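Structural characterization, general
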Amino acid sequence: TSLDLIPAQMIDNIVTVKTFTPDLPGNFSGGLININTKTIPEKFNMAFSLNTEYNFQSSFVDNFNTHPSSGKYDWLGFEDGSREHPALLSNPEDRSLLSTSTYLQARNPESSKDHIRDVFHNSSRALSNEYVPVDGKSGQNLGFNFSVGNRMNFFGKDLGYTLALNYSSAYQHYEEGEVATFVNNSTDKLFPYQSLMESKSVYNPALGGLFNLALKFSEDHALSGNVIFNNDAEVIGRSQSGEFLGQVSNSFAEFNTNSLEFIQRQVATYQLGGKHVFPGLGMMTVDWMAGTSTAFQKEPDLRYFAYTVVDEGDRKEYYINNAEIAYPYHFFRNLDDRLTQAKIDFSVPFLTGGNAASSNKIKFGAYYSQSDRSFGEYRYQLNNSGLPAELNFTNYAGDFNGFFDEANFGIVDTTFNPDGSVKRYVTGLHYVNQIN
């Protein structure tokens with residue numbers, strides 16, 4: 001989370017701790033930054049800022065690598081469900097049916113194969129058939145921040161609130177980036193395992209907010225609560241082209257990749273705390289806090305598509321050799337994290353000599369923390385076994401839209417016996433479950 005999530009006028013103080021202390025969690029190594037926000041503003045305040053930035057490399061370019069179909073909430077950094085893992089594939093029993101030999105059962109017209117055939121066909125069309133970035137026009141980097149705060153009388157008590165919102169969107173783009181791997185194979189020169197030129201575009205929207213509410217019962221007792229929310233995403237389009245001598249056997253072949261990615265990260269924190277001073281107990285101070293934080297990272301429907309091209313002089317031949325490179329695939333990843341915390345600290349002054357500002361004190365307390373994490377990955381790769389000859393990738397001569405047409409997925413045709421009964425179902429492109 002970047003520090004611009006919290007406007008400067010809302011910060012009371014920032015404490016940097018570089019050594020371990022007993023009253024703080026010990027799970028940091030490089031240091032801890034504790035940002036304390038103002039609980040009750042001194043007076044009404046409001047602030048608004050707007051900023052923009054022009055980048056000659058990424059602003060208003062016409063060849064920005066974008067997704068053919070974007071989600072309607074991409075501009076906010078939220079996934080609208082169009083890239084989510086299909087519900088059909090959430091059943092592990094159905095997923096287990098998607099093997100490299102499933103097409104043999106799917107084309108069998110026996111009624112006992114109806115369920116397998118339905119899973120085969122519907123799963124083939126449930127996943128997106130878009131694999132290649134398209135040229136789009138990027139915008140201009142911009143951002144804004146808004147905050148408002150005030151204190152008021154609430155049944156004779158001091159009540160204060162602060163609210164802050166921020167939004168930003170940024171574009172990154174480069175072409176002719178070099179992606180290379182060199183291997184030492186015991187000769188006098190490094191072997192160029194791969195040498196690719198890359199074009200990559202990233203759209204990065206971010207949305208955040210913070211809300212504080214505090215109630216001061218007296219000079220000795222106060223309660224406060226806050227909510228912090230932050231969400232950002234990266235919408236990525238990438239293409240590469242060049243040599244991959246370590247993987248592709250034909251040294252004259254040009255290796256190409258295309259990928260479409262969407263990465264969403266979100267953090268939401270809820271805290272409630274209080275501070276109490278007890279003059280009758282030797283000015284003992286009690287600080288307590290309880291809160292929960294949820295965070296996740298989603299990578300829904302990463303799509304990867306690689307192929308090779310060989311220049312034959314009068315024409316170009318397009319290949320996908322299963323023995324050398326992976327057939328196009330979909331990849332899903334989810335990471336969820338929930339943290340629950342509570343703490344209470346007691347501070348008792350001693351040997352103050354009448355000095356209220358004396359730092360002599362005994363401090364003790366308790367701390368509770370529980371973290372729950374879940375993680376999941378799904379991978380589905382296209383399989384070209386059992387395809388009719390006309391669906392061979394090479395036949396499309398670089399017409400990717402034609403090859404990935406929905407009509408080429410699942411059951412694509414039916415042959416009949418002379419009596420009109422189904423002889424065989426013709427299977428097209430389909431997916432194999434590759435979840436480990």
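Refer to the preceding data block for the structure.
Just so it is clear, the model here is predicted, and its values are computed rather than measured.

1. A short note on the overall build of the chain
If you tally the helices and strands in the chain, you get four helices and 17 strands. The globule rule puts the C-alpha radius of gyration for 436 residues at 22 Å, and the 30 Å found for the chain is more than 25% above it. Projected onto its principal axes, the C-alpha positions of the chain cover 105 × 55 × 50 Å. At a minimum sequence separation of 6, the contacts of the chain that also span at least 24 residues come to 72%.

2. Here we look at the packing of aromatic side chains
Summed over the entire model, instances satisfying the criterion amount to 29 aromatic pairs. Aromatic side chains Phe305 and Phe393 sit 6.1 Å apart centroid to centroid with 80° between the ring planes, which places their arrangement in the edge-to-face category. Taken together, the residues span a long stretch of sequence, with Phe305 in strand 11 (residues 284–311) and Phe393 in the loop between strand 14 (361–383) and helix 4 (400–403) at a distance of 88 residues. Through a chain of ring-to-ring contacts, the aromatic side chains of Tyr131, Phe305, Tyr307, Tyr318, Phe393, Tyr396, Phe400, Phe403 and Phe404 assemble into a single cluster. When the ring centre of Phe296 is taken as origin, the NZ or CZ atom of Lys298, which lies over that ring, is 5.1 Å away. Against the face of Tyr329 rests Arg379, its NZ or CZ located 3.8 Å from the ring centre.

3. Brief notes about the nonpolar core
The biggest cluster of nonpolar side chains holds 32 residues, and the ones touching the most others in it are Phe305, Tyr307, Leu382, Phe393 and Phe404. Elements with a minimum of two residues in this core: strand 11, strand 14 and helix 4. Sort the elements by how many residues they give to this core and strand 11 lands first, with five residues. Setting aside residues no more than four positions away along its own chain, Tyr307 makes contact with Glu254, Phe255, Asn256, Asn258, Tyr318, Tyr319, Ile320, Ile325, Phe393 and Phe400. Leu76, Tyr171, Tyr203 and Ala233 belong to the second-largest nonpolar core, a separate cluster that totals nine residues.

4. Things to note about unusual backbone geometry
For Met283, which is not a glycine, the phi torsion comes out positive at approximately 60°. Looking at where Met283 falls in the secondary structure, it is placed in the loop between strand 10 (254–278) and strand 11. Given a relative accessible area of 43%, Met283 falls into the partly exposed group. Residues other than glycine seldom take positive phi values, yet Ala397 does so here, at roughly 50°. Looking at where Ala397 falls in the secondary structure, it is placed in the loop between strand 14 and helix 4.

5. Observations concerning the pairing of strand 6 (residues 141–154)
Examined bridge by bridge, strand 3 (residues 45–53) and strand 6 share nine bridges and lie antiparallel to one another. Looking at strand 6, one finds that Phe48 is bridged to Phe146. Direction of pairing for strand 6 relative to strand 7 (residues 157–183): antiparallel, over a ladder of 13 bridges. Bridge pairing in strand 7 links Asn145 to Asn166. Connecting the antiparallel pair strand 6 and strand 7 is a turn made up of two residues, with Phe155 showing a positive phi of about 50°.

6. Observations regarding the side chain of His85
Relative to the assigned elements, His85 resides in the loop between strand 4 (64–66) and helix 1 (92–95). Look at His85 and you get buried, because its relative accessible area is 19%. Polar side-chain contacts of His85 include one of 2.6 Å to the side chain of Tyr380. Not counting residues within four places of it along the chain, the set of residues in contact with His85 comprises Ser90, Arg95, Phe332, Tyr378 and Tyr380.

7. Focus on the environment of Lys361
When you line up the elements, Lys361 lands in strand 14. Each C-alpha atom of the pair Lys361 and Leu351 lies 8.2 Å from the other, and the pair is ten residues apart in sequence. Ignoring sequence-local partners within four residues, the contact set of Lys361 consists of Ser347, Val348, Pro349 and Phe350.

8. Side note on the side chain of Thr162
Along the polypeptide, Thr162 turns up in strand 7. Classification of Thr162 as buried rests on a relative accessible area of 4%.

9. A short note on the pattern of salt bridges
On inspection of all chains with the given rule, the structure shows 19 salt bridges. Here Asp62 and Lys137 are joined by a salt bridge, their closest N and O atoms 3.1 Å apart. In this pair, Asp62 is assigned in the loop between strand 3 and strand 4 and Lys137 in the loop between strand 5 (134–136) and strand 6, connecting sequence segments 75 residues apart. Note on Lys137: relative accessible area 55%, which makes it exposed. Here Glu261 ties to Arg238 by a salt bridge, and the two come within 3.1 Å at their closest N and O atoms. You can see Glu261 sitting in strand 10 and its partner Arg238 sitting in strand 9 (residues 221–243), a full 23 residues away along the chain. The pair Glu261 / Arg238 is uniform in exposure class, with both members buried. Three or more residues are tied together by salt bridges with common partners; here these are Asp74, Glu79 and Arg83.

Criteria and thresholds
Residues numbered from 1 in each chain as written. Predicted model: local features only at pLDDT ≥ 70, side-chain atom pairs only at ≥ 80, totals over all residues. Heavy atoms only, no water. Helix = DSSP H or I, 4+ residues; strand = E, 2+ residues; numbered from the N terminus. Rg over C-alpha atoms; globule rule 2.2 N^0.38 Å. Contact = heavy atoms within 4.5 Å. Phe/Tyr/Trp six-rings, centres within 6.5 Å; stacked < 30°, edge-to-face > 60°. Lys NZ or Arg CZ within 6 Å of the ring centre and 35° of its normal. Core = buried A, V, L, I, M, F, W, Y, C linked by side-chain atoms within 4.5 Å. Buried < 20%, exposed > 50% of the residue type's maximum accessible area, 1.4 Å probe, protein only. Pairing = 2+ DSSP bridges. Polar contact = N/O pair within 3.5 Å; in protein donor to acceptor, adjacent residues only side chain to side chain. Salt bridge = Lys/Arg side-chain N within 4 Å of Asp/Glu carboxyl O.

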